[in-house]
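Summary of the model geometry
These are the residues of each chain, in order.
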Amino acid sequence: LKTILKESASDRTKNNTNGGDGDAAPRVVVRGWVHRLRQDGARLMFLELRDGSGYVQAVLSGTLCLTLDALELNREASVEVYGTLHEDARAKGGVELRADFWRVIGKSPADIEMLVTHESGPEVLLNQRHLVLRGTKTSAVLRMRSIITQSFRSELFSEGYTELFPPTLVQTQVEGGSTLFELDFFGEEGFLTQSSQLYLETGIAAVGDCFCILPSYRAEKSSTRRHLAEFHHLEAECPFIDFEDLLVRIESLVCGVIDRVLDNPEAKMLLSELNPELKRLKRPFKRMKYSEAIQYCREHEIFKDDATRTHFEFGDDIPEGPERKMTDMIGEPILLTHFPASLKSFYMKRCSGDVDGGGGGAGAGGGMLTESVDLLIPGVGEVVGGSMRMDDEEELLAAYAREGMDPKPYYWFTDQRRFGSVPHGGYGLGIERLCCFLLNQHHVRDVCLYPRYRGRIQP
C-alpha cells in the first residue's frame, strides 16, 4: 500500500501512540476507499482500506469513532487516515494502521450493500461492472492483466522486436467479410479492423521483427466463453524465417512471458490468491498435424455431433468444444499444424510438398494444406493462430480471385510482394484468452475491464 511520511521526527515522537522517543513509529497517511468495515462496540472500528496498490487495516478507537462521519460511514467511501504502522499478525498483510486522525473525502450511500451481493446474477454484475471492479478478485485480475501485458512487451523488446501502431479504422478484411463491423468514414466505406496483420507485414521491411498490442473487432454471433466482439490482440510479423522458426518463436514467447510473470514479485502475491497452481510450461510443446487431430478425435470418440455421433472427416473445421475436449484429454500445450487451405485465410502460404498424406490423399501438401499453426492450451483451447504468409505476388493475386476479393484496396499489401519480397510469417495471440489460462478464469469476460460482445455495449 502507498503511504506518505507527513511529519518530522520530533512531531512523530509527540504523536506516537506508543509514547516512545527516538525509535517512534513513523507517522503516515493513507488515502483510499473503505473496502470492508467492522465495528466492535461504540469506541472501536476496523477499516480495511484499499488504494489500488494493496490493502491495510486501519484501527479507529476512542473519540475517533464518535463523529457523525463515523456513524454514517459505509463501504466504498473514500477516506484519509493518519496514524502509525504497527506489526500485527492478525491483520491482513501483518501490519495495521493505528489512527490518530481521519476524515471522509467522499461519502458512499448505504444502498451500496444492495447493488451487488453474493446472489447477484451475471447480468446484474455486468450492469454494475463499475462497482464489481473494486472487488478483491476483480481488481487483482486487472492488476495481473497489466503485468502480463508488460511481460509481453518486455519479452518481445528483449528479442529485438519493434512495437508499431497500425490503424484500427480500415477498408480491408483479414478474416472474412461476415465478421466485419461496417462504418461510414466521412462518406467512404470503412470497417473496424479484424486484425492488424496486413499493416504489420508492411513494417518488416522498415524495422524487421515487429509487433503490436491493439484492439481487434469481430462481428461474430458466437457467445462462447472465449469470444468477444472487441478483444486485445498481440500480433507479430517476422521476415527471413521458415515455418519451423515460426513454431519455435511462438513457443518461446508464451514460455518466456509465463516465466517473467512467475518471477514478478507483485504477480507472485496476486497469483497466490488467483491461481497458486500455475506452473512453468515444459518445452518443447507437443506437435500435432491437423490430420492427426482428426484421427485422434475419431479414435477417442470426440464427435462432430454428439447427438448423432457423427465423426469428423478430413476437411471439417473442429469447433471450440471438441477442440478443447481433445486438448484437455491430451493434457499439454499443442502446436496444431498444417490445416487445409479451405479452413484458413487467403494470405496463408500453401505447403509445397507432400506434408500430410494421411487424410488428404497422396500429395495433399501440394497446395491443399497451409503452413499454419494454432497453439492449443488445456482449459482454454486456441490461444495463438499463425502462419507463413504468401510471398509471391501471382500466388496472392490468385488468392484474391479465389475468394472473390477486389485487389484494389489491397494494393499496398500486394506491393510487399513486388518490392523485395522475402519469406515471412507471423501470429496473433488473444490477450484475454491467455489471461484466462494464467489467472484460472473461466470466461474471457472476467478478465476485461468492460467486455463487449453481442448484446452488451454498456456500461
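Residues numbered from 1 in each chain as written. Predicted model: local features only at pLDDT ≥ 70, side-chain atom pairs only at ≥ 80, totals over all residues. Heavy atoms only, no water.

In this section: unusual backbone geometry. For the bond from arginine 283 to proline 284, the omega torsion is -5°, close enough to zero to count as cis. Note that the residue after glutamine 458, namely proline 459, is joined by a cis bond; omega there is -10°. With respect to the secondary-structure elements, proline 459 resides in the segment after α14 (431-439). The phi angle at glutamate 76 is positive, at roughly 75°, despite the residue not being glycine. Position of glutamate 76 among the secondary structure elements: in the loop between α2 (68-71) and β5 (78-87). The phi torsion at glutamate 301 lies on the positive side, around 55°, for a residue other than glycine. Assignment of secondary structure puts glutamate 301 in the loop between α10 (290-299) and α11 (320-330). (Helix = DSSP H or I, 4+ residues; strand = E, 2+ residues; numbered from the N terminus.)

One open sheet holds the three strands; their spatial order is β8-β10-β9, and the pairing between them is antiparallel. Each having just a single partner strand, β8 (169-170) and β9 (181-185) make up the two edges of the open sheet. As defined by bridge partners, β8 adjoins strand β10 (residues 188-192) across two bridges and the pair is classed as antiparallel. Residue pairing in the sheet places valine 170 in a bridge with phenylalanine 191 of β10. (Pairing = 2+ DSSP bridges.)

Turning our attention to the pattern of salt bridges. Evaluated as defined, the whole model comprises 31 salt bridges. Between arginine 283 and aspartate 259 there is a salt bridge; the shortest N-O distance is 4.0 Å. With arginine 283 in the loop between α9 (265-274) and β13 (286-289) and aspartate 259 in helix α8 (residues 243-263), the pair connects residues that are 24 residues apart, well separated along the chain. You can call arginine 283 partly exposed: its relative accessible area is 44%. Judged by its relative accessible area of 24%, aspartate 259 is partly exposed. A single salt-bridge network, built from bridges that share partners, covers Arg50, Arg75, Glu76, Glu113 and Arg134. (Salt bridge = Lys/Arg side-chain N within 4 Å of Asp/Glu carboxyl O. Buried < 20%, exposed > 50% of the residue type's maximum accessible area, 1.4 Å probe, protein only.)

Here the focus is the packing of helix α6 (residues 136-158) against α8. For the pair α6 and α8, the least separation of the axes is 9 Å and the interaxial angle reads 125°. One element, α6, and the other, α8, form an angle in the oblique class. Here α6 and α8 pass one another in a crossing that is right-handed. Contacts from Met144, Ile148, Ser151, Phe152, Ser154, Glu155, Leu156 and Ser158 in α6 reach Ser252, Leu253, Gly256, Val257, Arg260 and Val261 in α8. Its residues assigned to classes, the contact of α6 with α8 shows seven nonpolar, five polar and two charged. (Axes fitted to C-alpha atoms, helices over the stretch in contact; angles between N-to-C directions. Parallel < 35°, antiparallel > 145°, perpendicular 65-115°, else oblique. Left-handed = near helix turned anticlockwise from the far one by under 90°. Contact = heavy atoms within 4.5 Å. Nonpolar A, V, L, I, M, F, W, Y, C, P; charged D, E, K, R; others polar.)

Looking now at helix α7 (residues 197-207). Owing to its 3.6 residues per turn, the α-helix brings residues three or four apart onto one side. Within the span of α7, buried status applies to Gln197, Leu198, Leu200, Glu201, Gly203 and Ile204. Buried-residue contacts for α7 involve β11 (210-217), β12 (230-239), α13 (411-414) and β17 (424-430). Following α7 by one or two positions, glycine 208 adopts a phi angle in the positive range, close to 80°.

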